[in-house]
Every structure is written in C-alpha cells, then in structure tokens.
Amino acid sequence: MATMARTNTGLAYPDRFYAAASYAGFGGSPNSANKDVASKFSNEVALILYALYQQATVGPCNVPKPSPWSPVEQGKWKSWQQLGNMVSAEAMRLFVKILEEEDPGWYSRTSNSVESVRDVQMNHNSNGEPIIENGNSFAETKTISAENGSLMEAQDKDIVLEGLGPVVVYDQWVSPPIKGQRPKARYEHGAAVVQDKMYIYGGNHNGRYLSDLNVLDLRSWTWSKVEASIESKSEESPSPVNIAPCAGHSLIPWENKLLSIAGHTKDPSETIQIKAFDLQTGTWSILKTYGKAPISRGGQSVTLVGSTLVIFGGQDAKRTLMNDLHILDLETMTWDDFDAVGVPPSPRSDHAAAVHAERYLLIFGGGSHATCFNDLHVLDLQAMEWSRPTQQGEIPSPRAGHTGVTVGENWFIVGGGDNKSGASETVVLNMSTLVWSVVTSVEGRVPLASEGLSLVVGSISGEDILVSFGGYNGRYNNEVNVLKPSHKSTLQSKIMEAPVPDSVSAVQNATNPTRDLESDFEVGQEGKIREIVMDNTDSEHMKSKGEETSDLIIATLKAEKEELESSLNKEKLQSLQLKEELTQAETRNTDLYKELQSIRGQLAAEQSRCFKLEVDVAELRQKLQTMETLQKELELLQRQKAASEQASLNAKQRQGSGGVWGWLAGSPPQNADDA
C-alpha cells in the first residue's frame, strides 16, 4: 500500500512538501529563512509553518526551552512544542494545506523540478496516533491508523467549531468561549439536542426545583432563554395545565417536541406524567396516556428505542427504590409493563442506560440508599430476558449520578460519584465486545467529576462532539465542556463495514448472526484480506499473488473459525452448566430465605415471650418487696404486742404485792374498790 496518496495535480508527497517548504523560505540558512517567511506571512502563520516544518523534518520538540529574553525564539519553541507527537506525514500535509490557504498560487510560481526539493531525512513516528495536542491554531488532518501502525488513510479535513476556533485536540475536555446569559447553576436537569441546539430544562438548585428552559446554539456557543407559554387547557379538562418545576426527569426529543418524562416535584402526582414542549409553537402541554401508568418517580432511566420509551428503576416520592420495567408506545401513547425473565438489576436510581442495535438495553451503575454499583446488565428487548455479561478492560469504579451517550457502538460515561468523591474518568464501553477503556481523566473538583450533570451528542463540521453541562460536586455548576472523540474508538466498526470477498461473506453468513468477539475478529481479518487484494492491483503478477495470498489466508481463517466454533460450543455448554448451577443456587437461596423468615418469626415470638416474662418478673419483685415490708411491720407489731402483754403482766403483779406490803407499812389502799 502506498504510504501517501498523490495530490490531484503536481508532485506527490513528500516531494510536494519539500517544494512548498523551499517556496516558503525554509530552504536557505536559518536567518534568511526567518526573514523570507516573515516577509511572506503574518507572524502567526509564520510560527505555524515553522513548527510544522520542524515536526516534519526533525520530529517532536526535544530541545530545551529558550531564554525568556528571546521572545521570538520562545514563540517558535512553544509553537513546535504544542504539536506533541504529531506524525511527520500529518505535519507535511498540514504545512502544504496552510500554505495553499495563504498563497493559493504558490505551486504555479515555483519550479516543478524535483532537484529543488531538499533531500532531508524524515524522522517518522510509526505510532500512527491522531493529533492529541491542545493547540488552538492549527488545522487538523484526520488519520486512521491500522493495528500495526501503518497509515491506512490520510485525508485533509478542516475541523472548525464556529466560535471555538480550529480544534485539533481529541479525547480531551475543553471549555468553549460561551456567550450570552448562562442559565442558573443546577443538577439533575434534562438535556437534549435538536438541530445543533442543546436544550436544558428544569433541575435542582439549592434544593429548589426549576422550570426554566434554556438553549445553547452549538455553532455560535450562545446561550438564550426560551420564553415558553403553557397551554391554557388540555383536551380532557378545561382547567389550566399545571407544569410544575421538576428535577430528576428525562428529556427526550420526539418529532417536533421535547418530552419531559417523570421527575421529582414539590407536590408529586400518583403516576408518571409526560410533559411536551412544542418547538414550533413554544408551548408546554401534558400528554394523555392510556393503560396502567407507572407510579411517579425520579432518577429513572428513559431510553428511546424506535418509537417506544423504555423506563427502568428510579425512586418514588417516599424514597422507595424500584427496579420495574415499563414501556410507552409513543405512537399510541399506551403504557405496558413487562415481567422479563432472568435476574433484573437490583432496585436503584441515578443509573445510566443505552440501547445497542435497537435490541439490547444496557444498564450500568446507579445507587441505593447505602451503596453505589458498577455492575452491567443487559435486557434483550426481543426475548425480554435479563442477563449480566462479563465486563472486560478497565472496569469503571462504582458510581451513581453519572450520565452517558452513545456514538456508534461506543457508550461514553461521564461523571457520577460514590458519596465520597466524584468520578474523574471519562470512560467508554464498546457495546459489541463489552470492553471498557478510559478516554481521559480530569483533576480536582471540577464539573466533569460531578453528579447529576448532563451529556449530549452534537455534530460540528460532520464530526461528533460530546457536550456536558451543570452538575453538583459540593457546589452547583453551570459550565459547558466539550470533548471530541478520537477515530480510534470507531476504527473497528469501520473495518467491519468494509466490503469483503464473496467467499469470505459466505463463511461469515454461515456463522451465528449474533455479533460477538469472535465475529469481530473474523471480520477484521477479512478487512485485511481486502486490503491485500486491493494493494496488489498494479500488475497481473501482483494481482495473482494477492489472490493466492487471499486464498491462503481464507483457508487459514476457515480453520481458525472451526476452532473458534468448537471453543464457542464448549463455552456454551459451560454456560448452560453455569446457568443450571445458578438456578440451583437461586433455589437454595430461596429455601434459605424462607427458613430465615421462619426463624425470624420464631425469634420475634421468643422475644415477645421474653418481654412478657420480664414484665412478670418485675411485678413479682415488686410484690416481694411489699411482702418484706409487711413482714417487718408484722414483726414490729408482734414485738409491740409482746411488750404490751409483759407490761400488763408486770402491772398486775405489782398491784397484788403492793396491797399486802402497804397494809404492813400502814399505807391505806387508794380506794375502796382496790381494798
């Protein structure tokens, strides 16, 4: 395969680059080159051309920083250093592209002789990585590198965000220059994109629910507030429609409306309400639904699958967590609830959900009152069966309050926290292979490490961008951040979408249509076969050689396919055995739970009986104390009685003896009765 494609006219690369460099003034001595470049271009363009020339001919900047007393040298060094690890081929193309923009007729005014081209040794960077430096003054070349580092595709493309300037940074969060009045800081709001405009509705600020609707133009990066009106009455009732402030709801674009589903309100309704904002008339209304509507809630996930909304989990006004599943058909506005087979996720709220291939609903993370989760559950919407697949790669930490969006088969997750700290990593899940990887990380307490932030996908100049807003991490935020995903994340899907030979297609069609890791590997190999065949079309000899090579590799792949099928059958058998063991374990768990409930009942009865016994013992102790008191009083009375009887006896004795002795002594008796 040719390393670089020839341009439409004139010299091919790298000769075209050296001709452009010579024309721009980089062919002579350094001093004369500086004068020539400075005389032809502005200072900014001259610095860019200098940096690209150095990157293309020397490589990444490894020279020490110049003295601060030399501002010109410092500027040149900084421009070069900002290019990071940009490969030489990209630097060459950007150099020529900028020169053509500044001086479109340069090629016609320069000699076509290859002798004028300087033969400079190129220092190639074989990594083939896309541009990752955060400079803001360079055009960008899209590069898709193969697994072995060779350049598969290199085409010029200007990535220009209006109001943001040329962007050459991938997989890094940047803050665009925002204009207009920013909305009030908030979290747990709803966000949606319609025609390059991001709408923000409701949310929570200092415990107060909001009801304002704001819009951010993603081309001019200007905020404005939408002056919305409320429909005077609904079709069912002549009374005015009440559009209550809310938080924890979901905002879904549908046709020419924005649908606000569920959410917490100050005076919650009994069931979920569907509010609709008509983008044409600028009015809010409440849509009438049919069937059994779910109970009101907030923190749920709402996923648009075709023309239906799939709602899972959340918590109601009494803070009861749920893991129920409901589906709303938007064409008939009819509710349905399903009892899917398998083990559903545990009750939770503030989780993230996404749909893959319009069939599989993925649930990740979330939290209960006591803990946060990082488990992944998948619901097959055709078979209505839950499963919990094995995650691979850099599995994210447990989190709740995060948000996610899908770009192709990639699911980007941002923010969230675990009640201790915010999640600083922006992660991505390949929904075909279930492999996690970290896109980037942020430092400090920033909005991107918040709970309750929003994330949407926009498109600028044909490329996807992720836009985040708001969140709470100890303070409420209203900042906007932008990330442009790199093409590395979509490389695998692009390879698989490439046409393949008929023989290979037949092999592929004979396999299970379910997309798994083995099929991805096979199709990726088939894409490589196609490259080999295409790269050897210059001559009949090379063509036949390519066909032989292709046949050989196809035969090898067939053998590998049979081995993979055998391994897959073994894995399926093992999976069935594990399912049986899981069923048995669940049965044992059910029995143990019943036994535990019985023991708990017995324990409660014993505790009640013990309590009664304690009450009886307390009463007996009180009676015993009363008896002891009575016994003491009885003994005292007995002693008093004995003393009284003794005193009476003594008195009688003294009376009898006193009469005789008194007579003898000559003492007359006291009265006649005694005598």
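Per an unreviewed UniProt entry, the chain goes by ACB domain-containing protein and derives from Gossypium barbadense. On record in UniProt, under Sequence similarities (unreviewed entry), the comment for the chain is "Belongs to the ACBP family."

Student: Account for the sheet that holds strand β17 (residues 321-329), naming residues and giving values.
Tutor: If you walk across this open sheet you meet the 4 strands as β15-β16-β17-β18, and the pairing is antiparallel. Only two strands of the sheet have a single neighbouring strand rather than two, namely β15 (301-305) and β18 (334-337). Averaged over neighbouring strand pairs, the angle between their axes works out to 25 degrees when direction is ignored. Of the pairings in the sheet, the one linking strand β16 (residues 308-315) to β17 comprises 7 bridges and is antiparallel in character. Looking across to β17, one finds that Ile-311 is bridged to His-326.

Student: Tell me about the pairing of strand β28 (residues 454-460), residues and numbers included.
Tutor: Counting buried positions over the 7 residues of β28 gives 5, a clear majority of the element. Judged from the 7 bridges that link them, β28 and strand β29 (residues 463-469) form a sheet pairing that is antiparallel. Bridging from a neighbouring strand, Leu-455 pairs with Ser-468 of β29. Between the antiparallel neighbours β28 and β29 lie 2 residues, among them Ser-461 with a positive phi of about 55 degrees.

Student: Which residues make up the packing of aromatic side chains, and what values go with them?
Tutor: Aromatic rings considered in pairs are described by the distance between their centres and by the relative angle of their planes. Overall, the coordinates contain 14 aromatic pairs when judged by the stated rule. An aromatic cluster of three or more residues is present, and its members are Phe-17, Tyr-18, Phe-26, Tyr-53 and Phe-95. Cation over ring: Lys-76 sits above Tyr-50, and NZ or CZ is 4.6 Å from the ring centre. Its end group placed over the ring of Tyr-170, Lys-484 keeps NZ or CZ at 4.6 Å from the ring centre.

Student: A description of the sheet that holds strand β19 (residues 352-356) should follow, citing residues and the corresponding values.
Tutor: Strand order in the open sheet formed by 4 strands is β19-β20-β21-β22, and the pairing between neighbours is antiparallel. Of all the strands in the sheet, the pair left with one neighbour each is β19 and β22 (385-387). If you compare each strand with its neighbour and ignore which way they point, the axes differ by 20 degrees on average.

Student: Which residues make up the packing of helix α1 (residues 15-24) against helix α3 (residues 43-57), and what values do they have?
Tutor: Direction vectors running N to C along α1 and α3 enclose 140 degrees, while the axes themselves pass 12 Å from each other. Classified by the angle between their axes, α1 and α3 sit oblique to one another. The interaxial crossing formed by α1 with α3 has left-handed handedness. Of α3, the residues touching α1 (which contributes Phe-17, Tyr-18 and Ala-21) are Tyr-53, Ala-56 and Thr-57.

Student: Describe in detail the layout of surface pockets, supporting the description with residues and values.
Tutor: Estimated volume of the second largest pocket: approximately 1,000 Å³. As for the second largest pocket, its lining consists of 37 residues, of which Ile-252, Val-302, Thr-403, Gly-404 and Leu-455 are closest to the centre. Breaking the lining of the second largest pocket down by element, the ones donating at least two residues are β6 (190-193), β11 (250-254), β15, β19, β24 (403-407) and β28.

Student: Describe the side chain of His-402, and please don't skip the residues or the numbers.
Tutor: Here His-402 is to be found in the loop between β23 (392-393) and β24. Looking at His-402, its side chain comes within polar contact range of the main-chain oxygen of Phe-364, at 3.1 Å. Setting aside residues up to four positions removed in sequence, His-402 forms contacts with Asp-350, His-351, Ala-352, Phe-364, Gly-365, Gly-366, Ile-413, Val-414, Gly-415 and Gly-416.

Student: Describe the environment of Ser-232, naming the residues involved and giving the relevant values.
Tutor: Position of Ser-232 relative to the elements: it lies in the loop between β10 (229-230) and β11. Placed 53 residues apart in sequence, Ser-232 and Ser-285 show a C-alpha to C-alpha distance of 8.7 Å.

Student: Go over helix α4 (residues 71-81), please, and point to the residues and values.
Tutor: Here α4 has its buried residues at Lys-76, Trp-77, Ser-79 and Trp-80. Down the axis of α4, the buried side of the element spans an arc of 165 degrees, and every buried residue falls inside it. The exposed set on the far side of α4, more than 90 degrees from its buried face, consists of Pro-71 and Lys-78.

Student: Before we move on, can you summarise the pairing of strand β9 (residues 222-225) with the specific residues and values?
Tutor: With 4 bridges connecting them, strand β8 (residues 208-217) and β9 associate as antiparallel partners. Bridging from a neighbouring strand, Asn-214 pairs with Lys-225 of β9. Hairpin connection between β8 and β9: a loop of 4 residues separates the two successive antiparallel strands, and Trp-221 in this loop has a positive phi of roughly 55 degrees.

Student: Lay out the nonpolar core in plain terms, naming residues and giving numbers.
Tutor: Core analysis: the biggest nonpolar cluster contains 33 residues, and Phe-17, Phe-26, Leu-49, Leu-52, Phe-95 and Trp-106 have the highest contact counts within it. At 8 residues, the largest contribution of residues to this core is made by α3. Grouped together as the second largest cluster of nonpolar side chains are 16 residues, Leu-259, Ala-262, Val-302 and Trp-335 included.

Conventions and cut-offs
- Residues numbered from 1 in each chain as written.
- Predicted model: local features only at pLDDT ≥ 70, side-chain atom pairs only at ≥ 80, totals over all residues.
- Heavy atoms only, no water.
- UniProt positions renumbered as here; feature names shortened; annotations may be inferred.
- Pairing = 2+ DSSP bridges.
- Helix = DSSP H or I, 4+ residues; strand = E, 2+ residues; numbered from the N terminus.
- Axes fitted to C-alpha atoms, helices over the stretch in contact; angles between N-to-C directions.
- Buried < 20%, exposed > 50% of the residue type's maximum accessible area, 1.4 Å probe, protein only.
- Phe/Tyr/Trp six-rings, centres within 6.5 Å; stacked < 30°, edge-to-face > 60°.
- Lys NZ or Arg CZ within 6 Å of the ring centre and 35° of its normal.
- Parallel < 35°, antiparallel > 145°, perpendicular 65-115°, else oblique.
- Left-handed = near helix turned anticlockwise from the far one by under 90°.
- Contact = heavy atoms within 4.5 Å.
- 1 Å grid on protein atoms, 1.4 Å probe; cavity = no way out; pocket = protein on both sides within 12 Å on 5 of 7 lines; lining within 4 Å.
- Points joined across faces, edges and corners; volume = space filled by probe spheres on them.
- Polar contact = N/O pair within 3.5 Å; in protein donor to acceptor, adjacent residues only side chain to side chain.
- Arc of directions from axis to C-beta.
- Core = buried A, V, L, I, M, F, W, Y, C linked by side-chain atoms within 4.5 Å.

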